[in-house]
Amino acid sequence: MTLKQEIVGNAMQMAVVNLHPGQTVYCEAGKFLFKTTNVTMETRLSGPSGSGGQQQGGSGGGMGGLLRQAMGTAMQVGQRMLAGESLAFQYFTAQGGEGTVGFAGVLPGEMRALELDGTRAWFAEKDAFVAAESTVDFGIAFAGGRTGMSGGEGFVLEKFTGRGTVIIAGAGNFIDLNPADFGGRIEVDTGCVVAFEEGIEYGVQRVGGLNRQGLMNAVFGGEGLSLATLEGNGRVILQSLTIESLANALKKAQGGDKQGPTGGLFSTHAS
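All values reported here derive from a predicted model rather than from experimental measurement.

Regarding the environment of Pro 108
1) Next: The residue Pro 108 is located in the loop between strand S7 (99-104) and strand S8 (111-117) in this model.
2) Next: Along the primary structure Pro 108 and Leu 241 are separated by 133 residues, whereas in three dimensions their C-alpha atoms are 9.2 Å apart.
3) Next: Not counting residues up to four positions away in its chain, the partners in contact with Pro 108 are Ala 11, Met 12, Gly 170, Ala 171, Gly 172, Leu 241 and Leu 246.

This is the structure we're talking about:
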């Protein structure tokens, strides 16, 4: 059953979801705004995992099933803790008729509803997830190892699989691109990536070499030492505002951390 939703607003959008009787949607803790009285709310540590959002184990597997469920939940919570994500999910179910629930992101910007058909997963930046149907599975993908190390940092991605609607949010305005339309590869600021389809190869590369121009790019260009690379044929969503630039603007307005004329690696800290 397709999730009936509408994204409203401009600078700070919200998603208004209309639930059919018995239909369930879940969100990350802290993304809920409002609901009608006939919509129940339940907070769980476990996320959906091939069960339509319902808890597993119980009568089907006895003590063994309960133990497997507990271990699975512990692993999910551990992954989200390492990723810096919320430890719990909130589940909303309409009872006795249609119900309405409202959700929003945490930054001024756009929201987008992605439709999963079961053939391709979607990956999103950390904290992009807002809400999803209970038929959509939420997971964590670690883009570490050589990919993360090459840029001097590791990357944590949210992964969505299954069938149904998932709602994500970002900062600023969104633009949809396909690397195949630009020679098969695009390079972007690491903070500009919101989400991309499975099949897109995501990596990190240094900005230039360890030479004079490379150092000029890193120190004065405002991009640091690395750029994100996106290759392949598929949908990519980028955002116009990065969390780092927003934080720097707020600090500057408060007379705190200022990048000064460099705009890159070096900054001054007011005491």
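Let's talk about the pattern of salt bridges
1) Next: The final tally for this structure, using the stated rule, is eight salt bridges.
2) Next: Of the charged contacts in the structure, one is a salt bridge between Glu 28 and Lys 31, with a shortest N-O distance of 3.1 Å. The pair Glu 28 / Lys 31 is uniform in exposure class, with both members buried.
3) Next: Arg 112 is paired through a salt bridge with Glu 110; the nearest N and O atoms lie 3.9 Å apart. An identical accessibility class is assigned to Arg 112 and Glu 110; each is buried.
4) Next: Via salt bridges that share partners, Glu 110, Arg 112, Asp 176 and Arg 235 belong to a single interconnected network.

Observations concerning the confidence of the model for the protein
1) Next: Looking at the protein, pLDDT values average 80 and 69% of them are 70 or higher.
2) Next: Counted against residues more than four places away or in other chains, residues 50-59, with its pLDDT under 50, gives 20 contacts.
3) Next: Overall, residues 265-271 carries pLDDT values under 50, and its contacts beyond four positions in sequence, including any with other chains, amount to 15 contacts.

Digging into the packing of aromatic side chains
1) Next: Taken as a whole, this structure holds 12 aromatic pairs when the rule is applied.
2) Next: Note on Tyr 26 and Phe 129: the rings are 5.6 Å apart at their centroids and 40 degrees apart in plane angle, and the pair reads as tilted. Of this pair, Tyr 26 sits in strand S3 (residues 24-28) while Phe 129 sits in strand S10 (residues 129-133); the two residues are 103 residues apart in sequence, bridging distant segments of the chain. Of the two residues examined, Tyr 26 and Phe 129, each falls in the buried class.
3) Next: Centroid distance Phe 129 to Phe 160: 5.6 Å. Interplanar angle 35 degrees. Geometry classified as tilted. Taken as a pair, Phe 129 in strand S10 and Phe 160 in strand S12 (residues 155-169) lie far apart in primary sequence, 31 residues in all.
4) Next: Judged by its relative accessible area of 0%, Phe 129 falls in the buried class.
5) Next: Classification of Phe 160 as buried rests on a relative accessible area of 0%.
6) Next: In textbook terms, an aromatic cluster arises when at least three aromatic residues are bridged by ring pairs, as seen for Tyr 26, Phe 89, Tyr 91, Phe 129, Phe 138 and Phe 160.

A closer look at the sheet that holds strand S2 (residues 14-19)
1) Next: Ordered by their spatial adjacency, four strands build an open sheet running S1-S2-S7-S4, and the pairing between neighbours is antiparallel. Looking at the sheet topology across the chains shown, the edges are occupied by strand S1 (4-8) and strand S4 (32-35). Adjacent strand axes in the sheet meet at a mean angle of 20 degrees, parallel and antiparallel pairs treated alike.

Things to note about the sheet that holds strand S16 (residues 201-206)
1) Next: An order of S14-S17-S16 is seen for the three strands of this open sheet, with the pairing classed as antiparallel. Both edges of this open sheet fall to strand S14 (185-188) and S16, since each of them pairs with a single strand only. Across the sheet, the mean angle separating the axes of adjacent strands is 30 degrees when strand polarity is ignored.
2) Next: In the sheet, S14 pairs with strand S17 (residues 226-231) via four bridges, with the strands oriented antiparallel. If you follow Glu 187 over to S17, its bridge partner there is Thr 229.

Focus on unusual backbone geometry
1) Next: We note that Asp 127 has phi near 75 degrees; this positive angle belongs to a residue other than glycine.
2) Next: When you line up the elements, Asp 127 lands in the loop between strand S9 (122-125) and S10.

Concerning the pairing of S2
1) Next: Note: S1 against S2, five bridges, orientation antiparallel. The residue bridging Glu 6 from the neighbouring strand is Val 16, located in S2.
2) Next: Hairpin connection, S1 to S2: the antiparallel pair is bridged by five residues, and Gly 9 has positive phi, about 100 degrees.
3) Next: Bridging between S2 and S7 involves six bridges; their strand directions are antiparallel.

Rules and cut-offs
Residues numbered from 1 in each chain as written. Predicted model: local features only at pLDDT ≥ 70, side-chain atom pairs only at ≥ 80, totals over all residues. Heavy atoms only, no water. Helix = DSSP H or I, 4+ residues; strand = E, 2+ residues; numbered from the N terminus. Contact = heavy atoms within 4.5 Å. Salt bridge = Lys/Arg side-chain N within 4 Å of Asp/Glu carboxyl O. Buried < 20%, exposed > 50% of the residue type's maximum accessible area, 1.4 Å probe, protein only. pLDDT = per-residue confidence, 0-100. Phe/Tyr/Trp six-rings, centres within 6.5 Å; stacked < 30°, edge-to-face > 60°. Pairing = 2+ DSSP bridges. Axes fitted to C-alpha atoms, helices over the stretch in contact; angles between N-to-C directions.

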